[in-house]
Amino acid sequence: MSTKVRLASGIAVAAMLVSTLVSANGSGALAQTSGAQTSGAQAGNSQSYQVRAESQVTFVTVPVVQPLAAETAPDAAPPTAPLNDGSSNAGSLHSLVADTPLPDSLSGELACLAGAIYFEAKGESLAGQLAVGKVIIARAKSGRFPTSYCGVVYQPSQFSFVRGRSMPNINKTGRAWAEAAKIAHIAHFDAWDSPVEGALFFHAARVSPGWRLTRMARVDNHVFYR
């Protein structure tokens, strides 16, 4: 074999090796990015996660059973803004909730938002409930998730209390629902900042699914990420 042929052969082999290495690195970076987003999308499947350190991610609650409004269902009537426009001198979230009237009925979108707050954070502080509600709103605005509250809540494999397009029956005579409904209004109108404003993911503090996400803070029984 001539010197030129051997030289050409060696150059071809070297080019193939460089191409292979570049391709492998690109796939690895993409896989890591995709993995984080996929895990985020499956935040509700708590049963499949093992309990580990309290430093990583998922949506957790208990399973389901009552239909709510479809993602594209129009709002029955525009909701009334919370009294934080000067008619209330709310110096705290507690005061703002106290000053916000409980609506006789909720639009389809706010019913989805309030239902998620109720099932995910019932019994937690008002700040904890607001943090959960703001995650749903942030997702709807992010361009990475469905663009409506119902779409976010009912997106497959997100919240474990959801099965299909249904959630459990809600006792709407108790304090827990009243707080959830008021917090949904406050969150919707951005009347009070969440302690983890901008978070897109959260999980119960007792589990750790190992997502590669930026941890923001723990609020009550949930850990929040962006």
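Residues numbered from 1 in each chain as written. Predicted model: local features only at pLDDT ≥ 70, side-chain atom pairs only at ≥ 80, totals over all residues. Heavy atoms only, no water.

**Q** How do you make sense of the overall build of the chain when you look at a structure like this?
**A** When helices and strands are counted, the chain shows six helices and five strands. Mapped from its N terminus to its C terminus, the chain presents α and β elements in the order α-β-α-α-α-α-β-α-β-β-β. Looking at the chain residue by residue over its 226 residues, the buried ones come to 43%. Relative to all contacts within the chain whose residues are 6 or more apart in sequence, the contacts with residues 24 or more apart total 71%. Carbon and sulfur atoms provide 55% of the accessible area of the chain, an area that totals close to 11,600 Å². (Helix = DSSP H or I, 4+ residues; strand = E, 2+ residues; numbered from the N terminus. Buried < 20%, exposed > 50% of the residue type's maximum accessible area, 1.4 Å probe, protein only. Contact = heavy atoms within 4.5 Å. Areas by Shrake-Rupley, 256 points an atom, 1.4 Å probe, with all protein chains shown as cover.)

**Q** Can you walk me through unusual backbone geometry in this structure?
**A** Phi is mostly negative for residues that are not glycine, and the peptide bonds are mostly trans. Backbone geometry places S157, a non-glycine residue, at a positive phi of 65 degrees. Relative to the elements of secondary structure, S157 occurs in the loop between α5 (149-154) and β2 (166-167). The exposure class of S157 is partly exposed, given its relative accessible area of 36%.

**Q** Could you clarify how one ought to interpret the packing of helix α4 (residues 126-142) against helix α6 (residues 175-188) in this entry?
**A** One can describe the packing of α4 onto α6 by two numbers: an axis separation of 9 Å at closest approach and a directional angle of 50 degrees. Judged on the interaxial angle alone, α6 and α4 are oblique. The two elements α4 and α6 cross, and the hand of that crossing is right-handed. Contacts from L126, Q129, L130, K134 and I137 in α4 reach E179, A180, I183, I186, A187 and H188 in α6. Across the contact of α4 with α6, the residue classes tally to seven nonpolar, two polar and two charged. (Axes fitted to C-alpha atoms, helices over the stretch in contact; angles between N-to-C directions. Parallel < 35°, antiparallel > 145°, perpendicular 65-115°, else oblique. Left-handed = near helix turned anticlockwise from the far one by under 90°. Nonpolar A, V, L, I, M, F, W, Y, C, P; charged D, E, K, R; others polar.)

**Q** Whenever I open this one, the environment of H185 confuses me. Can you help?
**A** With respect to the helices and strands, H185 occurs in helix α6. Separated by 55 residues in the primary sequence, H185 and L130 place their C-alpha atoms 10.0 Å from one another.

**Q** Honestly, the nonpolar core in this entry has me stumped. Any pointers?
**A** Side chains of a nonpolar character, in soluble globular proteins, are inclined to be buried together. If you look at the biggest cluster of nonpolar residues, it comprises 51 residues, and the most contacted ones within it are L113, I136, V153, F161 and F224. Ignoring any residue separated from it by four or fewer positions in sequence, one finds V153 in contact with C112, A116, I136, F159, F161, V162 and M167. (Core = buried A, V, L, I, M, F, W, Y, C linked by side-chain atoms within 4.5 Å.)

**Q** Is there a simple way to explain the sheet that holds strand β5 (residues 222-225) in this structure?
**A** If you walk across this open sheet you meet the three strands as β3-β5-β4, and the pairing is antiparallel. Among the strands making up the open sheet, the edge pair consists of β3 (201-204) and β4 (215-219). Between one strand axis and the next, the sheet turns by 20 degrees as a mean value, whatever way the strands run. (Pairing = 2+ DSSP bridges.)

**Q** Got a minute to help me understand α6 in this structure?
**A** For an α-helix, 3.6 residues make a turn, and residues three or four places apart therefore share a direction. Given a rise of 1.5 Å per residue, 14 residues ought to cover 20 Å, and the 20 Å separating the end C-alpha atoms of α6 matches this to within 8%. With 11 of 14 residues buried, α6 lies mostly within the body of the structure. Along α6, the residues that are buried comprise W177, A178, E179, A180, A181, K182, I183, A184, H185, I186 and A187. Taken together, the buried residues of α6 touch α2 (93-99), α3 (108-121) and α4. Directly after α6, the chain includes D190, whose backbone phi takes a positive value near 55 degrees. (Expected span 1.5 Å × (residues − 1).)

**Q** Would you explain the side chain of S194 in this entry?
**A** Residue position: S194 is located in the loop between α6 and β3. Given a relative accessible area of 6%, S194 falls into the buried group. At 2.9 Å, the side chain of S194 forms a polar contact with the backbone nitrogen of V196. Setting aside its immediate chain neighbours within four residues, S194 contacts L130, A131 and K134. (Polar contact = N/O pair within 3.5 Å; in protein donor to acceptor, adjacent residues only side chain to side chain.)

**Q** Teacher, can you tell me more about the packing of α3 against α6 here?
**A** Each packed pair of helices is defined by two parameters, the angle between the axes and the distance between the axes. Contact geometry for α3 and α6: axes closest at 8 Å, N-to-C directions at 125 degrees. Compared by their axis directions, α3 and α6 come out oblique. In the packing of α3 onto α6, the handedness of the crossing is right-handed. Contacts from L110, L113, A114, G115, I117 and Y118 of α3 reach α6 at A176, W177, A180, A181, I183, A184, H185 and H188. Class assignment of the residues belonging to the contact of α3 with α6 gives a composition of 11 nonpolar, three polar and no charged.

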